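Single-letter residue listing:
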Amino acid sequence: MLTDVVLMMALLAGILSIALFTFTIFFEKNKRRSKILLVWATLFLAAAFVAIEYASWINGYFLFNIIPQFNFPLLAYFGIWFVFVAWLFESIGERKVWLILLATLLIVTVIALNCPNCVRF
């Protein structure tokens, strides 16, 4: 039951993320506003990934144990999304933003690998 709710939240966050990415790519011409929209789209994308990981954790699967075992499709999925986000920020000339996002991603990954039960409700 809780897993279904969390996965619905992940789906909603993913749809909102894709909608913001699409709107920014095709319709937004103001550089400052597109930067803000891309940051929000990236946050919604991160929320979708976190919700998927949390739903897996509720069901007893620790996603961070699956990824290091060279699960290529899962690694490619996350890698392609990150390269896409970095490319979007590079296309508007905002290298600093995606480097901050990369540093944040690495810090959160290290915390998640060393303490999977730290975020338990």
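Since we're looking at a predicted model, the values are computed, not measured. (Residues numbered from 1 in each chain as written. Predicted model: local features only at pLDDT ≥ 70, side-chain atom pairs only at ≥ 80, totals over all residues. Heavy atoms only, no water.)

### A look at the overall build of the protein chain
Here is the rule we go by: The numbering of helices and of strands both runs from the N terminus, where a helix is a DSSP run of H or I of at least 4 residues and a strand a run of E of at least 2. Note on exposure labels: buried denotes an accessible area under 20% of the residue type's maximum, exposed denotes more than 50%, and partly exposed covers the range between, all computed with a 1.4 Å probe on protein chains only. Only heavy atoms enter the contact rule, under which two residues are in contact if any of them lie within 4.5 Å. For accessible areas, the Shrake-Rupley method is used with a probe of radius 1.4 Å. Any residue's cover is judged against the shown protein chains and nothing else.
Along its length, the protein chain carries five helices and zero strands. For the protein chain, the sequential pattern of α-helices and β-strands runs α-α-α-α-α. The buried share of the protein chain, taken over its 121 residues, is 31%. Intrachain contacts of the protein chain at a sequence separation of at least 6 include 66% that bridge at least 24 residues. Carbon together with sulfur atoms contributes 74% to the accessible area of the protein chain, which is approximately 8,400 Å² in total.

### Remarks on the environment of Arg 32
Assignment of secondary structure puts Arg 32 in helix H2 (residues 31–58). The spatial distance from the C-alpha of Arg 32 to the C-alpha of Ile 92 is 9.1 Å, given a sequence separation of 60 residues.

### With respect to the packing of aromatic side chains
Our working rule: Classification of ring pairs rests on two measures: the distance between centres of Phe, Tyr or Trp rings, Trp counted by its six-membered ring, which must be within 6.5 Å, and the angle between planes, read as stacked under 30 degrees, edge-to-face over 60 and tilted in between.
Applying the stated rule across the entire model yields 11 aromatic pairs. Each ring, one from Phe 21 and one from Phe 84, has its centre 5.5 Å from the other, and the planes form 70°; the classification is edge-to-face. Taken together, the residues Phe 21 in helix H1 (residues 2–26) and Phe 84 in helix H4 (residues 72–91) connect sequence positions 63 residues apart. Assessed through its relative accessible area of 3%, Phe 21 is described here as buried. Seen in terms of ring centroids, Phe 82 and Trp 98 are 6.1 Å apart; in terms of plane orientation they differ by 70°. Their pairing is edge-to-face. On the criterion of sequence distance, the pair formed by Phe 82 in helix H4 and Trp 98 in helix H5 (residues 95–114) is long-range, its members being 16 residues apart. Through successive ring pairs, a cluster of aromatic residues spans Phe 21, Trp 81, Phe 84 and Trp 87.

### Digging into the nonpolar core
How we decide: Remark: nonpolar core denotes a set of buried residues (Ala, Val, Leu, Ile, Met, Phe, Trp, Tyr, Cys) joined through side-chain atoms within 4.5 Å.
Core analysis: the largest hydrophobic core is formed by 15 residues, its most contacted members being Phe 21, Leu 38, Leu 45, Trp 81, Val 85 and Phe 89. Residue assignment for this core shows that the elements contributing at least two residues are H1, H2, H4 and H5. Setting aside chain neighbours within four positions, we find Phe 21 in contact with Leu 38, Ala 41, Thr 42, Leu 45, Trp 81, Phe 84, Val 85 and Leu 88. Counting five residues, the second largest nonpolar core, distinct from the first, contains Val 6, Ala 10, Tyr 54 and Ala 55.

### A short note on H5
Put simply, the test is: Between the first and last residue of a helix there are one fewer steps than residues, each counted as 1.5 Å, and that sum is the expected span. Each direction from the helix axis to a C-beta atom contributes to the arc, which is the arc of those directions.
The first and last C-alpha atoms of H5 sit 29 Å apart over 20 residues, in line with the 28 Å expected at 1.5 Å per residue. Those residues of H5 that sit buried are Val 97, Trp 98 and Ala 112. Seen end-on, H5 carries its buried residues on one side only, within an arc spanning 85°. Exposed side of H5, more than 90 degrees from the buried face: Lys 96, Leu 106, Ile 107 and Asn 114 are the residues found there.

### Some words on the packing of H1 against H2
Test applied: Axis definition: a line fitted to C-alpha atoms, limited for helices to the stretch in contact. Angles are taken between N-to-C directions and run from 0 to 180 degrees. Orientation categories follow fixed angle ranges, with anything under 35 degrees roughly parallel, anything over 145 roughly antiparallel, 65 to 115 roughly perpendicular, and all other angles oblique. Two helices that cross are described as forming a left-handed crossing if the nearer one is turned anticlockwise from the farther one by less than a right angle, and a right-handed crossing if clockwise.
It is the contact of H1 with H2, at a shortest axis distance of 8 Å, that shows an interaxial angle of 160°. By the angle between their axes, H1 is roughly antiparallel relative to H2. For the pair H1 and H2, the crossing hand works out as left-handed.

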